[in-house]
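Observations on the three-dimensional arrangement
Read off the chains here:
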Amino acid sequence: MKRLAIIPLVVLCLVITIPLALGSDPLNLGHLIGTMRTARHPRAAPQSVRQPASAQQNRRVSYPLAVSTVTDPWKPGMPQWGVQVDWADHPGDTISHAWTESQSIVDYIVGLKANSICISFPVYVAGPNASMVSAGAATPSPARIGVLIQEARSAHLRVTVRPGLDESPGSPVGAQGVIAPADRGAWFASYQRLLVPYAQVAQQDGAASFVLGADLTSMEGDSHWESLATVLGRDFRGDISYDAAGSDYVSRHVNMPVYHLGVDAYFAVDAPDSASVSGLAASWNSWLDQKSAGPLPRVILSEVGIAAQDGAYHAPGSSKADDSTNPLVQARWYQAACTVVHDRDMAGLYVWSLDFNSNPNQSASPSASPFSFAGRPQSESALRACFSSS
């Protein structure tokens, strides 16, 4: 009986004390229970307070931008089927413009069934005897190069970053191959200072390869390359390579401290515009045989380019200032190179080139570079067939 008498007293105490603690609303009891549960099972941190409209607008765009993805991403042992993107910067373009251009370029390359991209950008010397390499107005900053790397990696493309010593206006073709710096030590020191930030961005954003340089014939074999490769290797832990001029590759030993060698493959073929793919492939093999017969697993055709013009087989590295457009010449050249890469177990090929500042989804205009394949249906079809063949 005493226990039964105590119960009304307990109830009365609860009725008095709970409202005092939680307020007059009896529904606050649910708050007390919820608080007890939270203490046992902590929730994620609360979301931030709703931002003003202006702040929301600034956050609408999320980078990298959405892109198509490669169906069969590159893996070790597969050929690198790639596109050379030639990026001469327009300094007035905003960083958001770089993102949208990169998105367009990457979507186009994925549409070609490529698995790789090489980002080529210009660096400069004041003259053939200059002892300093520097960025110019058209040199994209490391941050801008990083934009394209990020977009490409979002698409699962393999990425190579390649600086190229640009020819000054009026210089003959291949002028970068005959430079003779007055002070080679100073030349390499300035080149190293210029390249280190690009190597850092390449590592940070996921590039697979970094090219020391291209077609620098007169500088090959210099002992400074070894130290440059070592310094860059501290920041970039991927593959460090070098791209040689095709004539140098087939005629002599290219003495550079790299494992993979790229070849900018321009050589004359005595063939009519109607030449068959098999006949052109035989010409490719004859040219490569000057260096070595059989498989070439450590060699990449770093530039496969030709003008879509009549007579281009006689001088693939040149173009004519007329309107003799012949897309089939270009398409068959690509098909022949693809055949040779397969037959000789080469490391891959990159077609030259896609202008970063162009719209690749438009038909090729009369003013388009004769070397451009964008907007030329026969060339694009040949590349899709090649790049999807592995």
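A brief report on the enclosed structure follows. From a predicted model like this one, the values you see are computed outputs, not experimental measurements.

As a further point, take the overall build of the chain. For the chain, the count of helices and strands is 11 helices and eight strands. Across the 390 residues of the chain, 44% fall into the buried class. Partitioning the intrachain contacts of the chain with sequence separation of at least 6 by distance along the chain shows that 77% fall at a separation of at least 24.

Now for empty space enclosed by the protein. Here the structure, examined in full by the defined rule, presents one cavity of 30 Å³ or more. In this structure, the largest cavity occupies an estimated 100 Å³ of space. Forming the boundary of the largest cavity are 14 residues, of which Thr 160, Val 211, Asp 243, Ile 300 and Tyr 350 lie nearest the centre. Contributing elements (two or more residues each) for the lining of the largest cavity: strand S1 (80-86), strand S3 (158-165), strand S4 (209-214), strand S5 (239-245) and strand S7 (299-304). A per-element tally of the lining of the largest cavity places S5 first, with three residues.

Here we take up the nonpolar core. Core analysis: the biggest nonpolar cluster contains 97 residues, and Ile 109, Trp 187, Leu 212, Trp 284 and Phe 387 have the highest contact counts within it. The greatest single-element share of this core, amounting to 10 residues, is contributed by helix H6 (residues 184-205). When sequence neighbours within four positions are dropped, the list of residues in contact with Leu 212 reads Pro 163, Tyr 191, Leu 195, Trp 225, Leu 228, Ala 229, Leu 232, Ile 240, Ser 241, Tyr 242, Met 256 and Val 258.

Moving on, we get to the layout of surface pockets. A probe matching the size of a water molecule, rolled over the atoms, marks out where space remains unfilled. Each pocket or cavity is described by its volume, and for the largest pocket that value is around 1400 Å³. Those elements that place two or more of their residues in the lining of the largest pocket are strand S2 (116-123), S3, helix H8 (246-251) and strand S8 (348-355).

Turning our eyes to something else, we now look at the packing of helix H9 (residues 277-289) against helix H10 (residues 327-343). Relative to each other, H9 and H10 sit at 55°, their axes nearing to 8 Å. Here H9 is positioned oblique relative to H10, judged by the angle of their axes. Here H9 and H10 pass one another in a crossing that is right-handed. Contacts from Val 277, Leu 280, Ala 281, Trp 284, Asn 285 and Leu 288 of H9 reach H10 at Arg 332, Trp 333, Gln 335, Ala 336, Ala 337, Thr 339 and Val 340. Broken down by class, the residue content of the contact of H9 with H10 amounts to nine nonpolar, three polar and one charged.

A separate point is helix H4 (residues 95-111). With 17 residues, H4 should cover 24 Å at 1.5 Å per step; its first-to-last C-alpha distance of 24 Å lies within 8% of that length. Where H4 is concerned, the buried positions are Ala 98, Trp 99, Glu 101, Ser 102, Ile 105, Val 106, Tyr 108, Ile 109 and Val 110. Where H4 ends, the next residue or the one after it, Lys 113, has phi of about 75°, a positive value.

Judged by pairing direction, the barrel is parallel, and its eight strands sit side by side in the order S1-S2-S3-S4-S5-S6-S7-S8 before closing back on the first. For this sheet the average axis-to-axis angle between neighbouring strands, irrespective of direction, equals 25°. Taken together, the four bridges between S5 and strand S6 (residues 261-264) define a ladder with parallel strand orientation. Across the sheet, residue Ala 244 finds its bridge partner in S6, namely Val 263. Where H6 meets the sheet, it contacts S2, S3 and S4, and its direction lies at approximately 155° from that of S4.

Within the structure shown, the criterion is met by nine salt bridges. Note that Arg 162 is salt-bridged to Asp 243, the shortest N-O span being 2.8 Å. With Arg 162 in strand S3 and Asp 243 in strand S5, this pair connects stretches of sequence that are 81 residues apart. A residue is classified by how much of its surface remains accessible, and Arg 162, at 4% relative accessible area, is buried. A salt bridge links Arg 252 to Asp 248, with the shortest nitrogen-to-oxygen separation between them at 3.6 Å.

Reading guide: rules and limits
Residues numbered from 1 in each chain as written. Predicted model: local features only at pLDDT ≥ 70, side-chain atom pairs only at ≥ 80, totals over all residues. Heavy atoms only, no water. Helix = DSSP H or I, 4+ residues; strand = E, 2+ residues; numbered from the N terminus. Buried < 20%, exposed > 50% of the residue type's maximum accessible area, 1.4 Å probe, protein only. Contact = heavy atoms within 4.5 Å. 1 Å grid on protein atoms, 1.4 Å probe; cavity = no way out; pocket = protein on both sides within 12 Å on 5 of 7 lines; lining within 4 Å. Points joined across faces, edges and corners; volume = space filled by probe spheres on them. Core = buried A, V, L, I, M, F, W, Y, C linked by side-chain atoms within 4.5 Å. Axes fitted to C-alpha atoms, helices over the stretch in contact; angles between N-to-C directions. Parallel < 35°, antiparallel > 145°, perpendicular 65-115°, else oblique. Left-handed = near helix turned anticlockwise from the far one by under 90°. Nonpolar A, V, L, I, M, F, W, Y, C, P; charged D, E, K, R; others polar. Expected span 1.5 Å × (residues − 1). Pairing = 2+ DSSP bridges. Salt bridge = Lys/Arg side-chain N within 4 Å of Asp/Glu carboxyl O.

The analysis is restricted to geometry; functional conclusions fall outside its scope.
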